[in-house]
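Breakdown of the fold
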Amino acid sequence: MKQLIIICSFIFSFNFGFSQTYPTDSTKLVCVTLNDGTKIIGKVTQNNERELTVSSLDGRRQIIPQFFVKTISEINESDMSKNGKYLGKDNYCTRYFLTTNGLPIEKGKNYIQWNLFGPDIQFSVSDHFGVGIMTSWIGNPVVGSFKYSNKISKNVHYAIGGLVGTTTWVGRAGLALPFAALTFGNGRNNINFSSGYGAVWTGFGSQGTALFSIAGMAKLSNKLSFVFDSFITKEFGFFTPNLRYHFTETNAFQFGFAFLQAEGEFQQIPFPICQWYRRL
């Protein structure tokens with residue numbers, strides 16, 4: 001009998017300890033993504049090795065087998081509309097057209113941006129530091145980038161970083177652009193102010209100029225965002241309004257037009273701007 005009690009106690013302790021690996025916080029709102037892409041918004045009331053119980057926003061109690069669950073992510077207030085609908089996250093909220101902002105690339109959410117002029121790959125080394133590389137379709141020039149991001153408060157972020165590049169098999173030239181950015185808002189709606197100093201050097205000498213940018217984005221729906229970017233120097237201004245359509249959380253397409261301002265006149269660039277974002 002004594003041995004039987006010990007064995008039963010051991011089994012009970014094992015089961016109890018195993019169930020503790022599935023913590024539950026029913027006060028947090030989460031998005032449960034299933035393997036087929038279905039999203040369920042609600043609060044987790046039970047989570048064990050076999051099933052997940054979610055109290056959804058419409059009052060239903062849904063019991064989901066664990067092998068149906070792909071991811072569980074916490075939802076912030078900024079991910080919800082005023083009428084309580086889930087608008088989703090923008091995994092590419094750190095980029096506008098070319099400029100970046102103070103928001104960090106979340107760790108593990110590396111992506112590639114396909115442009116008409118070439119690819120741009122961004123990697124998240126940590127939750128605060130990212131690096132990237134961009135080039136043209138002919139492999140010239142090659143530009144590396146780095147950025148450190150952090151937050152001042154919940155809706156105020158900053159970043160410092162730079163771009164360093166060089167020509168490869170065509171010509172002998174290099175460039176450097178250190179910058180700083182200050183962003184107000186979140187990953188759905190924000191406005192960004194950035195400044196830097198761009199320097200270019202060739203075999204004939206070097207020259208540089210200060211550069212400023214005002215950019216921002218606004219989530220229009222759970223699939224569509226408006227994105228604006230600009231570059232401003234003493235000599236000219238570059239402005240581009242775009243629409244970004246999110247096919248999925250890992251795949252987005254951006255389309256827009258660009259305008260140049262020089263000597264007090266605006267001129268539209270005669271071809272559209274197209275970008276395709278894809279998670280790596």
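Structure first, text after, so check above.
What you are looking at is a predicted structure, and each value in this text was computed from that prediction instead of being measured.

The helix and strand inventory of the protein stands at one helix and 19 strands. Counting only residues that meet the buried cut, the protein has 37% of its 280 residues in that class. Contacts in the protein between residues at least 24 apart in sequence constitute 39% of all its contacts with a sequence separation of at least 6. Taken as a whole, the protein presents about 16300 Å² of accessible surface, with 65% of it coming from carbon and sulfur.

Okay, the packing of aromatic side chains next. A full pass over the atoms with the stated rule returns 11 aromatic pairs. A ring pair is formed by Phe67 and Phe68, whose centres lie 4.6 Å apart and whose planes are at 75°; its orientation type is edge-to-face. For Phe67, a relative accessible area of 61% corresponds to the exposed category. Exposure remark for Phe68: the relative accessible area of 42% places this residue in the partly exposed category. Relative to Phe193, the ring of Phe184 has its centre 6.3 Å away and its plane inclined at 75°; by these criteria the two rings are edge-to-face. Phe184 gets classed as partly exposed once you look at its relative accessible area, which sits at 37%. Among the residues examined, Phe193 registers a relative accessible area of 37% and is labelled partly exposed. In textbook terms, an aromatic cluster arises when at least three aromatic residues are bridged by ring pairs, as seen for Tyr92, Tyr111 and Tyr277. In this structure, Arg244 is placed above the aromatic ring of Tyr277, and the distance from its NZ or CZ to the ring centre is 4.6 Å.

Secondary-structure assignment places Phe257 in the loop between strand 16 (251–256) and strand 17 (259–262). Setting aside its immediate chain neighbours within four residues, Phe257 contacts Phe239, Thr240, Pro241, Asn242, Gln268, Pro272 and Ile273.

Our next topic: the side chain of Thr100. Here Thr100 is to be found in the loop between strand 5 (69–74) and strand 6 (111–115). When sequence neighbours within four positions are dropped, the list of residues in contact with Thr100 reads Thr94, Arg95, Lys147, Phe179 and Asn192.

Further remarks concern the pairing of strand 15 (residues 236–248). Relative to strand 15, strand 14 (residues 224–232) runs antiparallel, the two being bridged by nine bridges. In the sheet register, Ile232 faces strand 15, and the bridge partner there is Gly237. Connecting strand 14 to the antiparallel partner strand 15 that follows it, the hairpin turn spans three residues. Across four bridges, strand 15 lies against strand 17 in antiparallel orientation. Counted as the bridge partner of Phe239 is Phe259 from strand 17. In terms of strand pairing, strand 15 meets strand 16 through six bridges, oriented antiparallel. Bridge pairing in strand 16 links Tyr245 to Phe253.

A few words on the nonpolar core. Counting residues in hydrophobic clusters, the biggest one holds nine residues: Val30, Val32, Leu34, Ile40, Val44, Leu52, Val54, Ile64 and Val69. If you list the elements that add at least two residues to this core, you get strand 1 (30–34), strand 2 (39–47) and strand 3 (51–56). Ranked by the residues each element gives to this core, the list is headed by strand 1, at three residues. The residues contacting Val30, other than those within four sequence positions of it, are Ile40, Ile41, Gly42, Val44, Ile72, Ser73, Glu74 and Ile75.

For Ser145, the position within the fold is in strand 9 (residues 142–153). With residues near it in sequence (within four places) discarded, Ser145 still touches Gln122, Gly130, Val131, Gly132, Ile133, Gly162 and Leu163.

Of all residues except glycine, most have a negative phi; of all peptide bonds, most are trans. Each neighbour pair has its own omega, and for Asn140 with Pro141 the value is 0°, a cis peptide bond. The residue Pro141 is located in the loop between strand 8 (129–135) and strand 9 in this model.

Because side chains alternate across strand 8, one face comprises the buried residues Gly130, Gly132 and Met134, and the other comprises Phe129, Val131, Ile133 and Thr135, none of which is buried. Direction of pairing for strand 7 (residues 119–124) relative to strand 8: antiparallel, over a ladder of five bridges. Across the sheet, residue Ile121 finds its bridge partner in strand 8, namely Ile133. Hairpin remark: strand 7 followed by strand 8, antiparallel, with four residues in the connecting loop. Examined bridge by bridge, strand 8 and strand 9 share seven bridges and lie antiparallel to one another. Paired with Ile133 across the bridge in strand 9 is Gly144. Following strand 8, the chain reverses through six residues before pairing antiparallel with strand 9; Gly139 in that reversal takes a positive phi of roughly 75°.

Parameters and conventions
Residues numbered from 1 in each chain as written. Predicted model: local features only at pLDDT ≥ 70, side-chain atom pairs only at ≥ 80, totals over all residues. Heavy atoms only, no water. Helix = DSSP H or I, 4+ residues; strand = E, 2+ residues; numbered from the N terminus. Buried < 20%, exposed > 50% of the residue type's maximum accessible area, 1.4 Å probe, protein only. Contact = heavy atoms within 4.5 Å. Areas by Shrake-Rupley, 256 points an atom, 1.4 Å probe, with all protein chains shown as cover. Phe/Tyr/Trp six-rings, centres within 6.5 Å; stacked < 30°, edge-to-face > 60°. Lys NZ or Arg CZ within 6 Å of the ring centre and 35° of its normal. Pairing = 2+ DSSP bridges. Core = buried A, V, L, I, M, F, W, Y, C linked by side-chain atoms within 4.5 Å.

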